[in-house]
Amino acid sequence: MLNRTLARRFFSTSTTTKKLNQTISSIRGTNDIFPSTQHKYQFINETAKNVASLYGCYEMSTPIIESSEVFCRTLGQTSDVVSKEMYSFVDQGGNSICLRPEGTAGIMRAIISNASNNVPNQHMRYFYYGPMFRYERPQRGRMRQFSQIGIEILGEDHFMADVEGIQMADKILYDLGVSDLVRLEINTLGDAESRNKYRVVLKEFLEKHKDALSPDSQARLERGSILRILDSKSPQDKEILSKAPPIFDHLTNDSRMRFENIFEQLQSLDSGVEVVVNQKLVRGLDYYCHTVFEFVGKPTNYEAEAAIINQSLDENQQRLGVGQSTVLAGGRYDGLSQLMGSEKEISGFGWAAGVERLALLVDEQNVPEIRAPILILTIGDSEDVHKKALELCHQVRKWGFPALMASFEPGVSTTKQLKKAKFLNSKL
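The residue count restarts for each chain, going from 1 along the sequence in the order it is written. Only residues with pLDDT of 70 or above have their local features reported here, since the model is predicted, and side-chain atom pairs are shown and tallied only from 80 upward, although totals for entire chains, interfaces and linings are computed over all residues. Hydrogens are left out, water is left out, and the side-chain values use all remaining heavy atoms of the structure.

1. Some remarks on the overall build of the protein chain
Part 1: Summing up its helical and strand segments, the protein chain has 17 helices and 13 strands in all.
Part 2: Counting across all 428 residues of the protein chain, residues that qualify as buried make up 45%.
Part 3: Any pair of residues with heavy atoms lying within 4.5 Å of one another is described as a contacting pair. When contacts within the protein chain are restricted to residue pairs at least 6 apart in sequence, those whose partners lie at least 24 apart make up 74%.
Part 4: Areas reported here follow the Shrake-Rupley algorithm with a probe of radius 1.4 Å; residue values treat only the protein chains shown as occluding. A total accessible area of about 23,400 Å² is found for the protein chain, and carbon and sulfur atoms account for 50% of it. Elements are defined by DSSP. Helices are runs of H or I of four residues or more, strands are runs of E of two residues or more, and each kind is numbered from the N terminus. Three labels apply to residues, based on accessible area from a 1.4 Å probe with only protein chains included: buried if under 20% of the type maximum, exposed if over 50%, partly exposed otherwise in between.

2. As for the state of the cysteines
Simply put, disulfide is the name for a covalent bond between the sulfur atoms of two cysteines.
Part 1: Disulfide assignment relies on a single distance test, namely cysteine sulfur atoms paired within 2.5 Å. In this structure the tally under the stated criterion is zero disulfides.
Part 2: Between Cys98, a cysteine without a disulfide, and Cys72, which holds the nearest cysteine sulfur, the sulfur-to-sulfur distance is 7.0 Å.
Part 3: Residue class for Cys98 comes out buried when judged on its relative accessible area of 0%.

3. Quick notes on the packing of aromatic side chains
Part 1: For this analysis, a ring pair means two rings from Phe, Tyr or Trp (six-membered ring only for Trp) whose centres lie within 6.5 Å, classed as stacked if their planes differ by under 30 degrees, edge-to-face if by over 60, and tilted for the remaining angles. Evaluation of the coordinates by the stated rule reveals five aromatic pairs.
Part 2: Here Tyr87 and Tyr135 contribute two aromatic rings whose centre-to-centre distance is 5.8 Å and whose plane-to-plane angle is 75°, an arrangement assigned as edge-to-face. Taken together, the residues span a long stretch of sequence, with Tyr87 in the loop between α5 (80-85) and β3 (88-90) and Tyr135 in the loop between β5 (125-133) and β6 (145-154) at a distance of 48 residues.
Part 3: Residue Tyr135 is classed as partly exposed on the basis of its relative accessible area of 44%.
Part 4: Summarising the aromatic geometry, the rings of Phe259 and Phe263 are spaced 6.3 Å apart at their centres and angled 25° between planes, so their arrangement reads as stacked. Pair noted here: Phe259 and Phe263 are both in helix α11 (residues 253-265), with a separation of four residues, about one helical turn.
Part 5: For Phe259, a relative accessible area of 5% gives the class buried.
Part 6: An aromatic cluster of three or more residues is present, and its members are Phe248, Phe259 and Phe263.

4. As for the sheet that holds strand β11 (residues 348-354)
Part 1: Strands sit in the order β1-β5-β6-β11-β10-β9-β7-β8 across an open sheet of eight strands; the sheet is mixed. Where the open sheet ends on each side, the last strands, each with one partner, are β1 (58-59) and β8 (275-277).
Part 2: Inspection of the sheet shows strand β10 (residues 326-332) paired to β11 by five bridges, in the antiparallel sense. In the strand pairing of β11, Gly330 is matched with Trp351.
Part 3: Only the stretch in contact is used when a helix axis is fitted, and all axes are lines through C-alpha atoms; the angle between N-to-C directions ranges over 0 to 180 degrees. Where α11 meets the sheet, it contacts β7 (182-188), β8, β9 (289-297) and β10, and its direction lies at approximately 165° from that of β7. Paired strands are those between which DSSP finds at least two bridges.

In structure tokens form, the structure reads like this:
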């Protein structure tokens, strides 16, 4: 009924001509991805998948649409993702549906809902790639529809699983050629006992400075989202938080030892990436515990760099425009499975990276060239010549090489055929 009503409204006689003459544009915050860009995205995806396989990850995928409860229950009703950014709607059956804003909750939902199928998936490592959706202000490297690569390590609660997960991310960034543009920031949220003690201390501190906090942080304080305030980007909040008590003073002995072991192991990353402890680092989702980390773009003096390499500021920023922005991030989430109704805890560690943001950092010289087709030219207007050319084209493909005829029409000049070859960057 609704669809018919919308159709009548769109095609009403008074507006039909006007609407049909208008150019239809893409939705704000989405991009059309043409071959050269798609090729770069595929390079990033394949590089990540190949490295992940070396660490025992198997590729899997989940639906783009999920029940809204999958994310409301796991990310937290008060999280920015759920309260401000999630695309949700009620379908024709009255179900609350959403476009997935991230990958981890969907993977865990799949593991739990398929547990009765005797699938040996609760102690596995997974790699995924696909589109995600968030209603936020479109910006360079982050659109409303964006692609992510990610991994999930399930059923491994030893600290070395965290180390291997971060080493895997580091190896991917190294193979993409961007290690020198990022640094690794790491923190711990401790176990439940540590977090509960720290929330009380931090809340007492923030209450004393409530009036000086940004409106967003004041709202989070009222809602009880205390730890998320640490992640505020507001200058006024940062000044206050610089004097906040550190979480390290409130860790249990087990949590402290776990983090120290992880930090020690990460000092010898093959890529040589700088590793720093950032005690204000938290993740904006409710399910994290213990290790949280981010690979972030290093701050860059754009003007000096541009002067050195004789580029304009804008051109330089096109490649390093994500300075001080998150490139890849994740952490441990041991309680997520029980938030989703699992009778037992399935420990987990994972991370995700935006492909579009990675693509800003990846140098074109590191991306293999697109495999251009061999172009077969014909001279003369004989049908026999074209038949022979078509047979040759078919044979070349059987040999495993891409091939195209420059023209199916007899009599097309050699000049026009050569122009097509140049356009396609083809071999002749």
